[in-house]
Amino acid sequence: MSSETTPVTKTDLSIELLGRKFNNPIILGSGTLGDSIERVNLFLASKIGGVIPRTTRLHYAPGRDHHPSPHLDVMSGGNMRNAEWTGATIDYWRPFLGKLSENGRTIISISGRDINGCLAVCQELDRFNFPFFEINISCAHSNDAHGFITRNWEHITTLVRTLKDVGIKTPLALKFGHSDYIVSLALAAQEAGADAIVAINTLCPVIDFDISSGKPNFTLGIAGGKGGLSGKAIFNIALTDVFDLSKHLTIPVIGCGGISSVEDVIKMIMAGASMVEVYTAAHLHGKKAPEFLNKLVGDVDKWLAEHGYSNISQIQGLALKSVSQNNQIIPLLPKLNKDLCTGCNKCVNICLEDGAISMINNSQKKPKQFPKIDPNHCIGCGACVSVCPKDAIFLEAPLS
Ligand SMILES: Cc1cc2nc3c(=O)[nH]c(=O)nc-3n(C[C@H](O)[C@H](O)[C@H](O)COP(=O)(O)O)c2cc1C
Ligand code: SF4
Ligand code: SF4
């Protein structure tokens, strides 16, 4: 919180999206956590704004009526690889659809790989009153094994037009995977009639190694041992996609990928996301996933209050307004706020330029030492500012 911020006592986390109101912007993303009605009900009992059950479909594709084994690799650093490629068909969900549609918080994820199958499921579900359908065209390892439809302009536009031409009235949010062409593909989807874009699904897929044996580590039971990467490692890729999509699209963007903290939620919304989906960070909490998500909702509320925002819509797209179109060429100089500095030395340790920054003793009591910058040696790279844990050092234009 900056010293000028006046905290507020009452905040409003509610979001309007596609003609519906959600209590807060946090949605459980589609995946194993929502692969049965019992699990979905656990999340509906939590405080989150929405729940997306695992992607459903009309029929299982040949050979894909069960997951390969193993199919989950919990990695270090808050990441996962998964090789899951099936979710219960609509036959499983049919008895629960009426009840699920009544709560206004369940968003149905439907596979968009088989266009006719997707159409049949959408037509059946369109009789209910779901807030929107998420059309999944982006499971990374499925794409790897069966063709990358998330980068297939023709598949995407045909899919959206087919659903719109028959008059599906429930809004359609297309869930993309990352690609270098995500903005142009999403623009094509928007032009074809998509109502929102979700970005992003799992990435690549990727491999990992066990260096003691030289073999792929925990080879997932999919040919080649690769799995779709999710979790913290993909956050900045997802954030950048959401930012770029928000800049270019007129339809709403929902952010997903690596969100694991209140700061990540805030960044995604500042980058233009209307709502966010969280999956891996919740999955890594196992059976305690609903509690983790409840805490996240509470943390967002607290963050807004502490930073003087009474309404979450005040931060939506904030970053889009302030990004400069020009490169900063003239070196900026680090400046110190001594009141915040603890003398931890991190800024000095990270600096590669001889004589640019050094610790000097402080005659006053606290901190015992603080950094001094020599403008003749500092090149304004910004590394010291990035590592400071107290935001005690910041960059400013030099005086002359
Ligand atoms: C185990 C697992 C299963 C998943 N299953 C689905 C799925 O059925 N449908 C879907 O659209 N996304 C699925 N995803 C992708 C997530 O919803 C999410 O888009 C992706 O993991 C990136 O977000 P995250 O880093 O918060 O997990 C799955 C992810 C994982 C890890
Ligand atoms: S801006 Fe870069 S060069 Fe200057 S003091 Fe900081 S780390 Fe060193
Ligand atoms: S990293 Fe920040 S808190 Fe630590 S000495 Fe440098 S300016 Fe002070």
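The chain appears in an unreviewed UniProt entry as Dihydrothymine dehydrogenase. Note on the chain: under the UniProt heading Sequence similarities (unreviewed entry), the record states "Belongs to the dihydropyrimidine dehydrogenase family." Quoted verbatim from the Pathway (unreviewed entry) field of UniProt, the annotation for the chain is "Pyrimidine metabolism; UMP biosynthesis via de novo pathway."

Participant: Describe the site of ligand 1, naming the residues involved and giving the relevant values.
Facilitator: Taken together, 21 residues lie around ligand 1, and S30, T55, G231, G258 and T280 are the ones closest in. T55 places a polar side-chain atom, nitrogen or oxygen, 2.5 Å from a nitrogen atom of ligand 1. Between Y279 and ligand 1, the recorded distance is 3.0 Å, taken from a backbone N or O atom to an oxygen atom. In isolation ligand 1 exposes 600 Å². Once the protein is present, 97% of that is buried. Across the shell around ligand 1, the residue classes break down as five nonpolar, 13 polar and three charged.

Participant: Mind laying out the site of ligand 2, listing which residues take part and the relevant values?
Facilitator: With respect to spatial proximity, the complete set of residues near ligand 2 consists of P334, C351, E353, A356, I357, C378, I379, G380, C381, G382 and C384. Grouping the constituent residues of the shell around ligand 2 by class yields eight nonpolar, two polar and one charged.

Participant: So what's going on with the sheet that holds strand 14 (residues 227-231)? Which residues, and what values?
Facilitator: If you trace the four strands from one edge of the open sheet to the other, you get 5-6-14-11, paired in antiparallel fashion. Strand pairing shows two members of the sheet lacking a second neighbour, strand 5 (72-74) and strand 11 (203-206), which therefore form its edges. Strand-to-strand twist in this sheet, taken as the mean axis angle between neighbours without regard to direction, amounts to 30°. When strand 5 meets strand 6 (residues 79-82), the two strands line up antiparallel, connected through three bridges. Paired with V74 across the strands is M80, a residue of strand 6.

Participant: Before we move on, could you go through the packing of aromatic side chains and cite the residues and values that matter?
Facilitator: Counted under the stated rule, the structure contains four aromatic pairs. Measuring from ring centre to ring centre gives 6.1 Å for F128 and F130, while their planes differ by 55°; the resulting arrangement is tilted. Between W303 and Y309, the aromatic rings sit 6.0 Å apart at their centres with planes inclined by 10°, giving stacked as the arrangement. Grouped by ring-pair contacts, the aromatic residues Y92, W93 and F96 constitute a single cluster. Sitting above the plane of the F148 ring, R151 keeps its charged end 4.1 Å from the centroid.

Participant: Can you explain the sheet that holds strand 9 (residues 172-176)? Please cite residues and give values.
Facilitator: Judged by pairing direction, the sheet is parallel, and its eight strands sit side by side in the order 4-3-16-15-10-9-8-7 without closing on themselves. Because the sheet does not close on itself, it has two edges, and the strands there are strand 4 (50-51) and strand 7 (108-111). Helix 4 (residues 115-125) rests against strand 7 and strand 8 (133-136) of the sheet, and its axis sits at about 155° to strand 7. Contacting strand 3 (26-28) and strand 16 (275-278), helix 11 (residues 289-306) crosses the sheet at an angle of about 165° to strand 3.

Participant: Could you give an account of the domain arrangement of the chain, with specific residues and numbers?
Facilitator: Many analyses report the size of an interface as the accessible area lost when the parts associate. The assigned domain composition of the chain is domain 1 (15-322) and domain 2 (333-396). With centres defined by C-alpha atoms, the gap from domain 1 to domain 2 works out at 42 Å.

Participant: Talk me through the side chain of S101; I want residue IDs and the actual numbers.
Facilitator: Structurally, S101 can be placed in helix 3 (residues 97-102). In this structure S101 comes out as buried when scored by relative accessible area, which is 9%. Within the structure, S101 has its side chain in polar contact with the backbone oxygen of G98 (distance 2.9 Å). Beyond its immediate sequence surroundings of up to four residues, S101 is in contact with F128, N129 and F130.

Participant: So what's going on with helix 7 (residues 182-192)? Residues and values would help.
Facilitator: Counting buried positions along helix 7 yields eight of 11 residues, so the element is predominantly enclosed. Those residues of helix 7 not exposed but buried are I182, V183, L185, A186, A188, A189, Q190 and A192. Looking at the buried positions of helix 7, the neighbouring elements they touch are helix 6 (153-165), strand 9, strand 10 (196-199) and helix 8 (235-248). Taken from the residues just after helix 7, G193 is the one with a positive phi, measuring 125°.

Reading the values: the criteria
Residues numbered from 1 in each chain as written. Chains lettered and ligands numbered in written order. Predicted model: local features only at pLDDT ≥ 70, side-chain atom pairs only at ≥ 80, totals over all residues. Heavy atoms only, no water. UniProt positions renumbered as here; feature names shortened; annotations may be inferred. Near = heavy atom within 4 Å. Polar contact = N/O pair within 3.5 Å; in protein donor to acceptor, adjacent residues only side chain to side chain. Areas by Shrake-Rupley, 256 points an atom, 1.4 Å probe, with all protein chains shown as cover. Nonpolar A, V, L, I, M, F, W, Y, C, P; charged D, E, K, R; others polar. Pairing = 2+ DSSP bridges. Helix = DSSP H or I, 4+ residues; strand = E, 2+ residues; numbered from the N terminus. Axes fitted to C-alpha atoms, helices over the stretch in contact; angles between N-to-C directions. Phe/Tyr/Trp six-rings, centres within 6.5 Å; stacked < 30°, edge-to-face > 60°. Lys NZ or Arg CZ within 6 Å of the ring centre and 35° of its normal. Contact = heavy atoms within 4.5 Å. Domains from an automatic or database assignment. Buried < 20%, exposed > 50% of the residue type's maximum accessible area, 1.4 Å probe, protein only.

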